[in-house]
Amino acid sequence: MSSQLLGWRDLPIGAVAFLSSKEYPTGEWAVFQPKIDEKKCIKCGLCWMYCPDGAYRWDGESVPVPDLDHCKGCGICEVECPTKAIQMVRV
Ligand code: SF4
Ligand code: SF4
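These remarks concern the structure in this document. Each chain has its residues counted from 1, following the order in which its sequence is written. Whichever chain is written first becomes A and whichever ligand is written first becomes 1, with later ones labelled in order. Residue-level local features of this predicted model are given only where pLDDT is at least 70; pairs of side-chain atoms are given and counted only at 80 or more, and the full residue set underlies all totals for whole chains, interfaces and linings. Excluded from the side-chain calculation are hydrogens and water; included are all heavy atoms of the structure.

Some points on the nonpolar core
Okay, so step 1: Cys-41, Cys-47, Cys-51, Ala-55, Tyr-56, Val-63, Cys-71, Cys-77, Cys-81, Ala-85, Ile-86 and Met-88 form the largest nonpolar core, which has 12 residues in total.
Okay, so step 2: Throughout, a residue-residue contact means that at least one pair of heavy atoms, one from each residue, lies within 4.5 Å. Those residues in contact with Cys-47 that lie beyond four places of it in its chain are Tyr-56, Pro-64, Cys-77 and Ile-86. Only buried residues count toward a nonpolar core, which is a set of Ala, Val, Leu, Ile, Met, Phe, Trp, Tyr and Cys residues joined through side-chain atoms within 4.5 Å. Burial status follows relative accessibility: with a 1.4 Å probe on protein chains alone, a residue under 20% of its type maximum counts as buried, one over 50% as exposed, and anything between as partly exposed.

A short note on the site of ligand 1
Okay, so step 1: Close contacts around ligand 1 come from Cys-41, Ile-42, Lys-43, Cys-44, Gly-45, Leu-46, Cys-47, Pro-64, Cys-81, Pro-82, Thr-83 and Ile-86, and that covers them all.
Okay, so step 2: For the shell around ligand 1, the class distribution of residues is 9 nonpolar, 2 polar and 1 charged. A molecule or strand has a residue near it when one of that residue's heavy atoms lies within 4 Å. Three classes are used, and their members are as follows: Ala, Val, Leu, Ile, Met, Phe, Trp, Tyr, Cys and Pro are nonpolar, Asp, Glu, Lys and Arg are charged, and the others, Gly among them, are polar.

Section: the pattern of salt bridges
Okay, so step 1: Here, a salt bridge means any Lys or Arg side-chain nitrogen found within 4 Å of an Asp or Glu carboxyl oxygen. Under the defined criterion, the tally for this structure stands at 2 salt bridges.
Okay, so step 2: Note that Asp-53 and Lys-72 form a salt bridge whose closest N and O atoms lie 3.2 Å from each other. Here the residue Asp-53 occupies a position in the loop between helix H1 (46–50) and strand E2 (56–57), and Lys-72 occupies one in the loop between strand E3 (65–66) and helix H2 (76–80), the gap between them amounting to 19 residues.
Okay, so step 3: The partner of Arg-57 in a salt bridge is Asp-67, with the nearest N and O atoms 3.1 Å apart. Taken together, the residues Arg-57 in strand E2 and Asp-67 in the loop between E3 and H2 connect sequence positions 10 residues apart. Numbering of helices and strands runs from the N terminus; a helix is a DSSP stretch of H or I covering at least four residues, while a strand is a stretch of E covering at least two.

Points about a nonpolar patch on the surface
Okay, so step 1: Taken together, the side chains of Trp-48, Met-49, Tyr-50 and Ile-76 make up a nonpolar region of the molecular surface, amounting to roughly 410 Å² of accessible area.
Okay, so step 2: Residue contributions to the nonpolar patch peak at 3 residues, all from H1.
Okay, so step 3: Tracing the sequence through the fold places Trp-48 in helix H1. The patch calculation keeps residues exceeding 30% relative accessible area without a salt bridge and links them within 9 Å when they carry like charges or within 5 Å when they are nonpolar (Val, Leu, Ile, Met, Phe, Trp, Tyr). Using a 1.4 Å probe, the Shrake-Rupley method yields the accessible areas, and only the shown protein chains count as cover for residues.

Below, the structure written as structure tokens:
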């Protein structure tokens, strides 16, 4: 295995990341990032629950905050947010 990490453009179609984002920060290659409209957020925590990389920080009461160093920009949180408070924006 090469010791040099590949960028997302170098990966073949269907490639699967073999490390979690905890060990493999995504902030340098993510194309989209979630932006939260705090006025629309009802603090339900679904974004925190559904994020496949555990990228959201949430204390159970406040508006969840995505850690953009570990968000891969998949958009699942945007789809699952019941109030459309999350919008994926191009980096
Ligand atoms: S899913 Fe949407 S409404 Fe619920 S906590 Fe996250 S941003 Fe707020
Ligand atoms: S875009 Fe994907 S990885 Fe980033 S915070 Fe939302 S669900 Fe998590």
